[in-house]
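Each chain is listed here by its residues.
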Amino acid sequence: MLKELKAMVIGRLSKLCNFLEWRDQIIVYKRYASLYFVACIDKDDNELLALENIHFYVEVLDKYFGNVCELDIIFNFHKAYYILDEMMLAGHMLETSKK
C-alpha cells in the first residue's frame with residue numbers, strides 16, 4: 001500500500017494538482033524542498049482545507065526547527081508528532097496559533 005502511494009505521489013509532475021483519487025479516498029500532498037507531506041482524506045472532506053492544514057503544519061515546523069529538513073523530522077520525530085498532536089484533534093484543526 002505505501003509503495004503504491006509513494007510511487008503515485010513522487011512520480012507526478014510538479015505542474016499537476018496536489019490531489020489524487022486512490023481507492024475510496026483522496027490523497028492530498030504537498031512537496032516542500034525534498035520533503036513530501038501526505039494526507040489521506042475521505043471523498044466528502046474538503047481537499048483545500050487539508051492542503052491548508054499541511055501548509056500550516058510545515059510553517060509551525062519551520063518556526064520550531066528553524067528551517068525544517070528531513071533530518072529534523074527523523075531525529076526529532078517525537079517532537080514533530082507532538083506538534084501535530086497539539087494542532088489536530090480527530091482530524092480537525094484545534095490550535096491555529098504558531099507560537
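Residues numbered from 1 in each chain as written. Predicted model: local features only at pLDDT ≥ 70, side-chain atom pairs only at ≥ 80, totals over all residues. Heavy atoms only, no water.

Asks: Requested: an account of the pairing of strand 3 (residues 35–42), with residues and values cited.
Replies: Looking along a regular strand, one sees the side chains alternate between the two faces of the sheet. In this sheet, strand 3 lies alongside strand 2 (residues 25–32) in antiparallel orientation, the contact comprising 8 bridges. The partner of R31 across the bridge, within strand 3, is Y36. Once strand 2 ends, the chain turns through 2 residues before running back antiparallel as strand 3, passing A33 with a positive phi of about 55 degrees. (Pairing = 2+ DSSP bridges. Helix = DSSP H or I, 4+ residues; strand = E, 2+ residues; numbered from the N terminus.)

Asks: Would you mind going over the packing of aromatic side chains in detail, with residue names and values included?
Replies: Evaluation of the coordinates by the stated rule reveals 4 aromatic pairs. Aromatic pair Y32 and F37: ring centres 6.0 Å apart, planes at 75 degrees, arrangement edge-to-face. Each member of the pair Y32 and F37 is classed as buried. Where F37 meets Y57, the ring centres are 6.1 Å apart and the plane angle is 85 degrees; that geometry is what we call edge-to-face. Of this pair, F37 sits in strand 3 while Y57 is found in helix 2 (residues 47–65), placing the two residues 20 residues apart along the sequence. An aromatic cluster is defined as three or more aromatic residues linked by ring pairs; in this entry it consists of Y32, F37 and Y57. In this arrangement the basic side chain of K30 is found over the ring face of Y32, its NZ or CZ atom lying 5.8 Å from the centre. (Phe/Tyr/Trp six-rings, centres within 6.5 Å; stacked < 30°, edge-to-face > 60°. Buried < 20%, exposed > 50% of the residue type's maximum accessible area, 1.4 Å probe, protein only. Lys NZ or Arg CZ within 6 Å of the ring centre and 35° of its normal.)

Asks: Describe in detail the layout of surface pockets, supporting the description with residues and values.
Replies: The gaps of empty space that remain are located by a probe, the size of a water molecule, rolled over the atoms. Taken as a whole, the largest pocket spans an internal volume of roughly 940 Å³. Along its surface, the largest pocket is lined by 26 residues, and F37, V38, A39, C40 and I54 are the ones closest to its centre. At the level of elements, helix 1 (2–10), strand 3, helix 2, strand 4 (88–89) and strand 5 (92–93) are the ones that each hand at least two residues to the lining of the largest pocket. Per-element tally for the lining of the largest pocket: the top contributor is strand 3, with 6 residues. Within the lining of the largest pocket, the residues separate by chemical class into 20 nonpolar, 4 polar and 2 charged. (1 Å grid on protein atoms, 1.4 Å probe; cavity = no way out; pocket = protein on both sides within 12 Å on 5 of 7 lines; lining within 4 Å. Points joined across faces, edges and corners; volume = space filled by probe spheres on them. Nonpolar A, V, L, I, M, F, W, Y, C, P; charged D, E, K, R; others polar.)

Asks: Can you lay out the pattern of salt bridges for me, pointing to particular residues and giving the numbers?
Replies: According to the stated counting rule, one finds 2 salt bridges in the structure shown. Residue R23 is joined to E4 by a salt bridge in which the shortest nitrogen-to-oxygen separation is 3.5 Å. You can see R23 sitting in the loop between strand 1 (19–22) and strand 2 and its partner E4 sitting in helix 1, a full 19 residues away along the chain. Classification of R23 by relative accessible area gives exposed; the value is 57%. According to the relative accessible area criterion, E4 is partly exposed, its value standing at 35%. Across the pair K43 and E21 runs a salt bridge, and its minimum N-O distance is 3.5 Å. With a gap of 22 residues between them, K43 in the loop between strand 3 and helix 2 and E21 in strand 1 connect regions that are remote in the sequence. Residue classification places K43 among the partly exposed residues on the basis of a relative accessible area of 43%. (Salt bridge = Lys/Arg side-chain N within 4 Å of Asp/Glu carboxyl O.)

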